[in-house]
Each structure stands twice: as C-alpha cells, then as structure tokens.
Amino acid sequence: MPNRSRIIALTNLLGACAVSGGTVSGADVAQDGDPPARSGGASIDARILDLELREVDANPILIDESKIIGWDQPGGIPEPVPRMSALAVVVGPSTGRDETPAWRFIRERAGDHQPMSSPYLRLTDGQVVPGNLTGEGETPLWRNAWLHPLPLELDRIREMRLVEGAEVPVATEADEVVLVNGDRLRGLVESIGTHVVLEREDEADGDPLRIPLDRVASFALVNPEDPPRGTVVWFLGGHRIACDGISIPGDGYVRLDSPALGGESADVPIDFLRGVVFDATRLVPLADLPITIDPGTSGPFRPWIPAPVIEPGQWAWNASPIRLVGPLQATWRLPETGCRVGATLELPLDSDRGRFEVVVRDGDREILRTPMDSDRPVHRINVGIETDRFGIEIEMGDDGPFHDHLTLREAIVVRPVD
C-alpha cells in the first residue's frame, strides 16, 4: 500500500446536549471540605480503583491534578486517592444484581445495551466518536457537541459509519467501502470530500473512482492500530476519548484537558461519565485477549464445549462481560508476565439454580477456589499472576453440569510497571 497523505476535518457529535458552563480550579477542590452538589440532583455512583485494584466508593466524586476524592465513606469522611496511585474510575453497578431500573433505562436510552448502530468515527488508537459527517465544499466535518474541531490525518482513521445501522466492514488487506445499496468496493481511499476517491483494487491502472458521499454507508481503512496512551475517558453513547488529563471540579461537568482530537479543553456533563483510565498503557480488558477453551475435568462427560460469549454493548474500559457455560477450563494469554487480574464473578440472574466451584489458575497452578450458588452468587477476584497465563475453570457440583453459567464482569488485566 502506498503512503497516504490526506486530511479530514473533524469537529464532533451533533448530539446529546450543548455543553457550556464554568469550571472550578483544582485549588478550590482541594480546599472544599464538603461534598459537592450532585449534578442536577443525580446520583453518580462511582468507584475508584487503585493500582492494586482496591476499590473506594465515591458518590459524589471530585478529581483534581493531585488526587481523587470519594465520599460515601464510613462516618461521611472523604477518602482521597493520590493520582499517582489511581488506575481507573468506573460509574455504575458492578453486577447485574445491582442494576436498578433507572440504570437500565439510562443504558438503553444511550444505546449502550446493544452494539452501536449510530454513525461513528473510530481512530487507530481506539478513540470512538459518535456523530455525523457534515460540511461545505470539499471539507467535510465530523460533528460532536463536546469536542473542538481539528483536522485529522486520514492515516489515523480506522473505520467510519455514515448511515444509521449500516454494516461496517473489517479492512485487512485493503480499504473497503460499503455503499448504501450494499455493494462493496476495495482498494485505497485517497481522499474524502464531497466524494470518496478510491483507487480500486481490481482497476489499479484506471482512473480513481469518485463516489458521492451520500452513496457511502461506511468504510474501513487498513491503517495499523496504535496502542492507546494517556488518559482515556468513556461516556454513555459509545464515546471513548483520549486526553492529557481529566478533572471533576464539582460543578456538574467533567473537564478533559487537551483532548487528542483538538482544543485546549472540553467540558462534558458528569451524568454522561462511564469510566476513566488514567494511564491507558496499564489496563487491558480481558475480553480483548486470546482465549483457549478445553473441557478440564469434565472431559469424559461433555461431547462439546459452548464457546464463550462476549456480551454486546458499550462498557467502561472496553471490559465487556464474558459469559462461560461450564463445566470447562478457560485460559487467557496475558500480554506479559507479572500482571494483576481483577474481575467480578457472577452467577447470572437466569441461572440461579447453578451450583459449581470456580478454580482460578496461574499457569497450571491453582491459586484460588470458591463455590458459586444461589446463596453465594457473586465473588470478586483480585489476583497477581506470575506467568503469562490466567485460567478460570468451572468444576461441576454434585448436581451435575446444570446451569453452570458464569459471567465475568469488569474483567481487566493490569500490566506491571516497566
């Protein structure tokens, strides 16, 4: 593939709400001994995770340049977590049993309970910006209510959906464009303006094809993926935005400092906040790692093993729930040795009759064993792994392999410090 040299202007999502309002300095936050007023009276049930995956409840939550402060502590005394010790923040319940009707409504209204169907832009570093492509003349603009406009090199774009519900292709060896009539074209996307200009794979010696923008439903480019860096923030509606830093000063907004998509800062209503990772190089969702499934000790009893199911939808940290149907043994290959793995194990609500034991392994070594049944439907694990293999085995109980279903929620891997 030849090198690209092309530019597309991006401004951001015409969407959820207009963002305005002032901010409070970090000094103001540090000196304020009382919990801030919650945004619009709303409850923001957040949890702060430190580098050892210990959790601190925070409702409400404040973030300044040096620390994160969480209320809801015994005696009403706030508990600060130094920024250098903080890994992430998540908003919302950790289990299906804790989900309220109000929280389910919020997710459904944002579309986070199912695969994204709205138009969006995804960059090579994993940033996702729902929105709409608009513009005048030869300069299209990607509109989003929260972010400042900034032209982006087309080399940084991985995929884009322009039409609601359109299938987005997976580009492996060539760029691929899907038209509104379902036709697919492969080759090299040279530019995007009023037309998508495509050098077709099957007509390399011919003139590039100029496709009117209103005939394009989606496209994907073969640009290589870049590892995420810096602070990454997740918002409802599928937003995933990188920035140099983040603060929550207590005025009802989340401030993103120097968003990677441009601008000095961006203010987003705190009600949209879903999660934060302060150093994206440290955290890897377990759902993104390769998994191997084998029958474990149930080999003589099971002729086949159901494949693991990654639940659809938009999730903080990209940590999609993983559903396993046991008995079986699942093994994940970790990015390196010496990682820490955290997850909430839950017996699904529709499998309360299941009775089994969960065995956690570091390579071939058993490091934890816990029973799961209707009396003990939830168990939190937080384990250090010396090898590069993390294993979960579901061993059937005395009643046999009936309803032995296990969901891993907020399953993440924390890489060691270099």
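Remember, it's a predicted structure, so these values are computed and weren't measured experimentally.

**Q** If you had to explain the overall build of the protein to someone new, which residues and values would you point to?
**A** Scanning the protein from terminus to terminus reveals 2 helices and 34 strands. Here the protein holds 418 residues, and 51% of them are scored as buried. Within the protein, counting contacts between residues at least 6 apart in sequence, those at least 24 apart form 69% of the total. Counting only carbon and sulfur atoms, one obtains 49% of the accessible surface of the protein, whose full area is about 18900 Å².

**Q** Hey, could you go over the packing of aromatic side chains for me, with residue numbers and the actual values?
**A** Going through the model one piece at a time under the given rule, you end up with 3 aromatic pairs. Chaining the aromatic ring pairs together yields one cluster made of Trp-146, Phe-235 and Phe-272. Residue placement shows Arg-107 over the ring face of Trp-315; its charged tip is 4.2 Å from the ring centre.

**Q** Please set out the pairing of strand E16 (residues 195-200) residue by residue, giving values where relevant.
**A** In regular strands, side chains alternate between the two faces of the sheet. Sheet topology note: the strand E15 (residues 184-192)/E16 ladder contains 5 bridges and is antiparallel. Residue pairing across strands places Gly-187 opposite Arg-200, the latter belonging to E16. Linking E15 back to E16 in an antiparallel pair, the connection comprises 2 residues. Of the pairings in the sheet, the one linking E16 to strand E17 (residues 209-212) comprises 4 bridges and is antiparallel in character. Paired with His-195 across the strands is Pro-212, a residue of E17.

**Q** Tell me about the sheet that holds strand E5 (residues 67-70), residues and numbers included.
**A** Across the sheet, which stays open at both edges, the 3 strands sit in the order E4-E5-E6 with antiparallel pairing between neighbours. Each edge of the open sheet is held by one strand with a lone partner, namely strand E4 (61-63) and strand E6 (79-82). Strand-to-strand twist of the sheet, defined as the mean angle between neighbouring strand axes without regard to direction, takes the value 15 degrees.

**Q** Help me get a handle on unusual backbone geometry, residues and values and all.
**A** Residue Asn-59 is joined to Pro-60 through a cis peptide bond whose omega torsion reads 5 degrees. Tracing the backbone shows Pro-60 in the loop between strand E3 (55-58) and E4. In this structure, Ser-258 takes a positive phi of about 50 degrees despite not being glycine. Relative to the assigned elements, Ser-258 resides in strand E21 (residues 253-259).

**Q** Talk me through the environment of Gly-250; I want residue IDs and the actual numbers.
**A** Structurally, the position occupied by Gly-250 is in the loop between strand E20 (239-247) and E21. Taking the relative accessible area as the measure of exposure, Gly-250 reaches 26% and is therefore partly exposed. Between the C-alpha atoms of Gly-250 and Pro-60, which are 190 residues apart in sequence, the distance is 8.5 Å.

**Q** How would you summarise the nonpolar core if you had to cite specific residues and measurements?
**A** In a soluble, globular protein the nonpolar side chains are often hidden away together inside. Counting residues in hydrophobic clusters, the biggest one holds 49 residues, and the most contacted among them are Ile-61, Val-177, Phe-235 and Leu-256. Apart from the residues within four sequence positions on either side, Val-177 is in contact with Asp-183, Arg-184, Leu-185, Val-189, Val-196, Leu-198, Ile-211, Val-216, Ser-218 and Phe-219. Counting 28 residues, the second largest nonpolar core, distinct from the first, contains Ala-330, Val-341, Leu-408 and Val-413.

**Q** Could you give me a rundown of the sheet that holds strand E25 (residues 291-294), with the residues and numbers involved?
**A** Taken in spatial order, the 5 strands of this open sheet run E25-E28-E33-E30-E31, and their pairing is antiparallel. Both outer strands of the open sheet, E25 and strand E31 (365-372), are each paired with one neighbouring strand and no more. Taking each pair of neighbouring strands and ignoring which way they run, the sheet shows an average axis angle of 15 degrees. Of the pairings in the sheet, the one linking strand E30 (residues 356-362) to strand E33 (residues 389-396) comprises 7 bridges and is antiparallel in character. Among the inter-strand pairings, Asp-362 is bridged to a residue of E33, identified as Phe-390.

**Q** Can you explain the pairing of E5? Please cite residues and give values.
**A** Relative to E5, E4 runs antiparallel, the two sharing 3 bridges. Within E5, the position partnered with Leu-62 by the bridge is Ile-69. With antiparallel pairing between neighbouring strands as the criterion, E4 and E5 make up a hairpin whose turn holds 3 residues.

**Q** Give a detailed account of the side chain of Arg-158, specifying residues and quantitative values.
**A** Assignment of secondary structure puts Arg-158 in strand E13 (residues 157-161). Using a relative accessible area of 15% as the deciding quantity, one classes Arg-158 as buried. A distance of 3.2 Å separates the side chain of Arg-158 from the side chain of Glu-225, its partner in a polar contact. Beyond its immediate chain neighbours, meaning those up to four positions away, Arg-158 contacts Arg-122, Leu-123, Thr-124, Ala-171, Ala-220, Leu-221, Val-222, Asn-223 and Glu-225.

Here is what the cut-offs are and how they apply
- Residues numbered from 1 in each chain as written.
- Predicted model: local features only at pLDDT ≥ 70, side-chain atom pairs only at ≥ 80, totals over all residues.
- Heavy atoms only, no water.
- Helix = DSSP H or I, 4+ residues; strand = E, 2+ residues; numbered from the N terminus.
- Buried < 20%, exposed > 50% of the residue type's maximum accessible area, 1.4 Å probe, protein only.
- Contact = heavy atoms within 4.5 Å.
- Areas by Shrake-Rupley, 256 points an atom, 1.4 Å probe, with all protein chains shown as cover.
- Phe/Tyr/Trp six-rings, centres within 6.5 Å; stacked < 30°, edge-to-face > 60°.
- Lys NZ or Arg CZ within 6 Å of the ring centre and 35° of its normal.
- Pairing = 2+ DSSP bridges.
- Axes fitted to C-alpha atoms, helices over the stretch in contact; angles between N-to-C directions.
- Core = buried A, V, L, I, M, F, W, Y, C linked by side-chain atoms within 4.5 Å.
- Polar contact = N/O pair within 3.5 Å; in protein donor to acceptor, adjacent residues only side chain to side chain.

This is a description of form; function is not addressed.
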